[in-house]
Every structure is written in structure tokens, then in C-alpha cells.
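Given next are the chains, with one letter for each unit.
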Amino acid sequence: MIAILYFVLPILVSYVIFSIIVLRRPHLLHTTWAPAFPVCLAAHRGGSGERLENTMEAIENSMAQRADILELDCQLTKDGVVVVSHDKNLSRQSGLNKDIDSLDFKDLPLYKKSLEIYFSPGHFAHGSDRHMIRLEDVFQKFPRVPVIVEIKEKNEELIHKVANLARSFDRSKITIWTSEKNTIIKKCVAANPDMPTAFTILRSIWILLLYYLGLLPLVPIPEKFFFCFLPTIINRTYFPFSWGWMNQLSAVVTKWVIMRKSLIQYLQARGVQVVFWCLNEESDFDVAFNLGANGVMTDFPTALRHYLDKKEPEAGMGEVSPGVPEASSAGALGSLCSPWAAPRVGPLPLAPAMVRISKPKTFQAYLDDCHRRYSCAHCRAHLANHDDLISKSFQGSQGRAYLFNSVVNVGCGPAEERVLLTGLHAVADIHCENCKTTLGWKYEQAFESSQKYKEGKYIIELNHMIKDNGWD
């Protein structure tokens, strides 16, 4: 027995130490990843708390609040039209007790004049637009707005029509497959593998189990989104079970299992954006963003937009006295509502936000020693003069970031169009030419006149910079 312990105990200790290290530093085993688009404000059913759900009026209202992504459910009519509808049966939405697939699109009824908001029981949404819409209508009107498409049934015709619509509008990369069932997601991926996916229920349970066993770093994660209910809304605005005691038990268990910053940080470092649904109260917004979530899915996009706008100044960057090391104070909210919502590195910073150093440097371009300058925190290559600093009021994937007019020793990747909080931009990753660390991004083009000042400018995150020369 003692001999067995001598053999097993070292293996067990080594396994625990290895698991802790790779869970805290995912970049040791996995290539870090930046999302194609951030998700901070997600409009549930198109924004079903402020207008009638899944109508064009609701979607337009959400886009007026600068929603990052729309969550839509799809059904198929008798004549093969993909319509945006949460329910297959029309009774709740219109009062007509018929399934959508029994009617042609032209025969679909109007929505009721008011609909109860599922995640705000006792509250009702109203709107002047009561027409059901096609998914194609959404893609035509908002061609570059990311959309979550939930498929509820294993309907291969519906799946293939959605897949082909995404292809025909050249938006596969910004249209996300989601479903509760593994079997449906497999069909979706087969129909259009270019569309990102979200975790199913079983995959979520499996990933959580692997995380707590310390095995998650050893398995691939193909999903790019973790859409999860916030446990604190159970038995308050969300009632998954008919029995009250089951709701209470599930609230306690899921709160312990899911509401862990280390878990969220790990998923983000593996390229997964974490979005909590469906939150309609400011206190729940606080809980989600304080946990470090990338975003929130809500029925009330105006309420969430006001919350984000109110919090943004609080997460902003004040001036720091010269010579004093600067630490990131942006908090969860600022870092998650940036053009790069998911961290590119592990949950632990690779370097302090700002420190002074004086070590030998080996790189190509040198900045004048008579100027205060910023250098790469990883290899000490010169990056920018302080005189080229335009603004400190930006956020990066790990917190604070600065906007510079010009930089040196920096390489630029290909430009991609992305819907950011301030509108549509063409942006490109930038990296240190010396050590190849991703530093931030460059604004190649802004499509809104108010954002034109950013064009040709560079964002560098503080976690990748150090103050160097002349700061005393």
C-alpha cells in the first residue's frame, strides 16, 4: 500500500500542479485568438422588451442603441420561407392556433398588439409594427450586423436555407449557429462550417466538468460563444422548472459552478466570448460585467445602452503623475466593450501595465533619446513617442489602451470590416515586429463621419507597453 502511495502521490501532485499552471496560462498550450467582432450588447429576439419581438421595428430600435449583435429564432413556412419567429406555433404571438409550417408566408397573421416579455413576467411590449419578417429582410437591411440564429428543431431544409442565406449575403463569419441540441448543431456545421458556433447544453456541461477536473486545457474548443443564463435570475425572472424547490436548488448549484471569474477568463483566453442572458435589470448587468463577461443579452437594449454609456466614463482613464507606474483601472466593463472583447492572452497579464526599465535593446528602429517614449513590454522595442499620443480614452482586450498618431517597429495585418460600438470600421491587428506580440489594432477606415479622426491611427494596449526614457 505504501509503495502504491509512493507511486501515485507524485503523479497526482504533478497533475494538480500542471492543471493549475495551464489553466492560468492558456497561451502555453494554445494559440491566442482575437474575435472578428465584439459582443457587448446583444438584443434578445431583436429587442423584445421595447417593441414587439422579432419585428423590423424592434431590430431598428436595437440598432439605434448600437446593439453589437441580434439574437433571432428561425422557422420555416409551408412555401419554404425562413421567417424570424421564436415559436413554431402562432398561438402565443398572434392568437392563431396553427404552426408556421402549415401556412405560406403571405398568409402569416399579424402579431398581437402586446406581448408579455418572457424574462420580465408581468410586463408587456407594444409596437406599431406587427408583421412577421423574413431572415432575408434582416440580412438585406443590416448586411454587416452580426446575428445569432437559433435553430430549435432538426429541420434540414431550414438549416440549409439559413446556411445558404449566410453565404449569399457573404456574412457567414458574422452569423452564429446556436441550438440547445448537439445533433442540430452538427447538422448546422455540416451545412455551413464557416459560421461560428455556440455551446449546446450538453457541451456546456461537458466543458464545465473538464474545467473542474483540470482537463480542459487538453481538449479543443471549436465554439466561439458561450451563451449562458445568469444563475442569479433563476426563481426571479427565469423559472426553468415547474417546482419551486427545483428552481431554488438549480440557482444555488449553477451559481457555484458558473459564476467564477477564473472560468470566464479561461474561456475568453481560448477565444470564447461569454455572454449572459437574458438580463433586463441594472443590478444583473452589474453582476455579469463584474464577473468579466464579454457582454449581456437583453430584451431592453436602451436600458443596457444607458448603463454602458454611464459606466464608460467610470471605467475611463485619468491622468497619472509623471514617474508613477500606471495600473489598469478600466475594470471589466471597459475591457469587454472594446473592438477586441476576448483576451488574446491568458487571464494573467504578461507584464505590468506600465513600469520603468533599462535593459539592452535589440531591434531595428530607434526613437530619439531626448523624448519620452513607450516600448514593447515583452522585448523592449521602441513603439511610440509620447508626443504622438492622441488619447488615453480607449479600451483594449485587457483594459486600458492609448491612441497614437504614429508608431515604429510595428507590423500590420490585413484589414477587416467590423461593427464596433462607435459604428462600422475597417481595422487591422498590429504586432511588434521584433517579438511578434499582438499589441492592438490600426483604424484603416471609419464609415461614420464622427469617427473619421481615427483613420490611420494606432491603438496599443497598456499591458503591452512600458514607459521608457525621460519619465523621471
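Our subject is the structure listed above.
Values in this document were obtained by computation on a predicted structure and should not be read as measured data.

1. Quick look at the packing of aromatic side chains
- In the structure shown here, the tally under the stated rule is 16 aromatic pairs.
- Where Tyr211 meets Tyr266, the ring centres are 6.4 Å apart and the plane angle is 50°; that geometry is what we call tilted. Linking Tyr211 in helix α7 (residues 201-213) with Tyr266 in helix α9 (residues 261-269), this pair joins segments that are 55 residues apart in sequence. Summarising the burial analysis for this pair, Tyr211 and Tyr266 share the class buried.
- Within the aromatic cluster, the residues linked to one another by ring pairs are Tyr118, Phe119, Phe229 and Trp277.

2. Some points on helix α5 (residues 156-168)
- In a regular helix each residue adds 1.5 Å, so 13 residues correspond to 18 Å; α5 covers 18 Å between its end C-alpha atoms and thus fits that length.
- Leu158, Ile159, Val162, Ala163, Leu165 and Ala166 are the residues of α5 that are buried. Mapping the buried residues of α5 onto a view down its axis gives an arc of 160°, with all of them on the same face.
- For α5, the elements touching its buried residues are β2 (69-76), β3 (82-84), α4 (135-141), β6 (147-150), β7 (175-178) and α6 (182-191).
- Backbone nitrogen of Glu157 and a side-chain oxygen of the N-cap are separated by 3.2 Å at the start of α5; the cap is Asn155.
- One or two positions beyond α5, positive phi appears at Asp170, with a value near 55°.

3. A closer look at the sheet that holds strand β12 (residues 382-385)
- Reading across from one edge, β12-β11-β20 is the order of the three strands in this open sheet, with antiparallel pairing throughout. Unpaired on one side and paired on the other, β12 and β20 (465-468) mark the two borders of the sheet. Taking each pair of neighbouring strands and ignoring which way they run, the sheet shows an average axis angle of 30°.
- As judged from the four bridges shared by strand β11 (residues 373-376) and β20, these two strands associate in the antiparallel manner. Paired with Arg373 across the strands is Asp468, a residue of β20.

What counts as what
Residues numbered from 1 in each chain as written. Predicted model: local features only at pLDDT ≥ 70, side-chain atom pairs only at ≥ 80, totals over all residues. Heavy atoms only, no water. Phe/Tyr/Trp six-rings, centres within 6.5 Å; stacked < 30°, edge-to-face > 60°. Helix = DSSP H or I, 4+ residues; strand = E, 2+ residues; numbered from the N terminus. Buried < 20%, exposed > 50% of the residue type's maximum accessible area, 1.4 Å probe, protein only. Expected span 1.5 Å × (residues − 1). Arc of directions from axis to C-beta. Contact = heavy atoms within 4.5 Å. Polar contact = N/O pair within 3.5 Å; in protein donor to acceptor, adjacent residues only side chain to side chain. Pairing = 2+ DSSP bridges. Axes fitted to C-alpha atoms, helices over the stretch in contact; angles between N-to-C directions.

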